[in-house]
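Here is what each chain is made of, one letter per residue.
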Amino acid sequence: MNKSFLLLSALVLSFAFSCSSKRDTGSMNIENWKADHYGCKGLRMQDLEELERLKHSFLGIDNQALIKTFGRPDRVELVDKSQTFFFYFLEPSNACDGVEIEKEPLRVLFRLNAISKVSEVTITTQNP
C-alpha cells in the first residue's frame, strides 16, 4: 500500500511539473498581441523593444508554452521532420484585408527542434 502511494505521488508530481505554462513576457501587452492576428492592427510593434530584450528567455520552452504565452501562431512552417517555425507577424502581412504589401513584413520566428523546443528566436523580414 505504501509503495503504491509513493508511486502514485511521484506520477502525479511528474505530470504536474511537465505541463507547459505561460511564460513571463515582462511589460508586453499580451492581450493586444493576441488580438493582433497577422499584425494587421500594428499593436505588436508597440512591444518590439521588450520582445528584443526577452527573446533569449524563450529558448528551451516547448511549443505548448509558446502557444499559451503568445496565442496560436500566424503561420506554421514545417521545414523537415526535425524543425518547425512559428511565425508571429509584427507588421501587417498579406493576410490582412485592404493592406498591400510592398516589402516583407517584420516578424518574429521561433525555430522549434525535433522535440518541439524553441532553439532560436529571430526578429526579421526574411523567410527561413
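Residues numbered from 1 in each chain as written. Predicted model: local features only at pLDDT ≥ 70, side-chain atom pairs only at ≥ 80, totals over all residues. Heavy atoms only, no water.

Peer 1: Which residues make up the environment of Lys34, and what are the values?
Peer 2: As for its position among the elements, Lys34 is in helix H2 (residues 30-35). A relative accessible area of 27% places Lys34 in the partly exposed class. In this structure the C-alpha to C-alpha distance between Lys34 and Thr69, which are 35 residues apart in sequence, comes to 9.1 Å. Among all residues touching Lys34, those that are not within four sequence positions of it are Lys22, Lys68, Thr69, Phe70 and Gly71. (Helix = DSSP H or I, 4+ residues; strand = E, 2+ residues; numbered from the N terminus. Buried < 20%, exposed > 50% of the residue type's maximum accessible area, 1.4 Å probe, protein only. Contact = heavy atoms within 4.5 Å.)

Peer 1: Pulling in residues and values, what's your account of helix H4 (residues 63-70)?
Peer 2: Buried residues of H4: Ala65, Leu66, Ile67, Thr69 and Phe70, and no others. Against the buried residues of H4 lie H2, helix H3 (48-54), strand E2 (83-89), strand E3 (107-112) and strand E4 (118-124). Put simply, Asp62 is the residue that caps the front of H4, since its side-chain oxygen is 3.1 Å from the backbone nitrogen of Gln64. (Polar contact = N/O pair within 3.5 Å; in protein donor to acceptor, adjacent residues only side chain to side chain.)

Peer 1: Quick one: what's the story with the side chain of Asp74, residue by residue and with numbers?
Peer 2: In this structure, Asp74 sits in the loop between H4 and strand E1 (75-80). Here Arg44 takes part through its side chain, which lies 2.5 Å from a polar atom of the side chain of Asp74. Side-chain polar atoms of Asp74 contact the backbone nitrogen of Phe89, separated by 2.8 Å.

Peer 1: Kindly report on the pairing of E3, identifying the contributing residues and their values.
Peer 2: Burial of E3 is extensive: five of the six residues sit out of reach of the surface. Bridging between E2 and E3 involves six bridges; their strand directions are antiparallel. By the bridge assignment, Phe87 is partnered in E3 with Leu109. Two strands pair when backbone bridges link them, and E3 and E4 are joined in this way by six bridges, in the antiparallel orientation. Across the sheet, residue Arg111 finds its bridge partner in E4, namely Glu120. Where E3 hands over to E4, the hairpin turn is made up of five residues, of which Ser116 adopts a positive phi near 60°. (Pairing = 2+ DSSP bridges.)

Peer 1: Which residues make up the environment of Cys40, and what values go with them?
Peer 2: One can find Cys40 in the loop between H2 and H3. C-alpha separation for the pair Cys40 and Asp97, spaced 57 residues apart in sequence, amounts to 8.1 Å. When near neighbours in sequence (up to four residues on either side) are disregarded, Cys40 contacts Pro92 and Cys96.

Peer 1: Before we move on, can you summarise the confidence of the model for the protein chain with the specific residues and values?
Peer 2: When pLDDT is averaged across the protein chain, the result is 86; 85% of the residues are at 70 or more. E3 holds the highest mean pLDDT among the elements of the protein chain, 97, whereas helix H1 (residues 2-18) holds the lowest, 43. Per-residue pLDDT stays below 50 along residues 5-18; that stretch engages in zero contacts with residues further than four places along the chain or on separate chains. (pLDDT = per-residue confidence, 0-100.)

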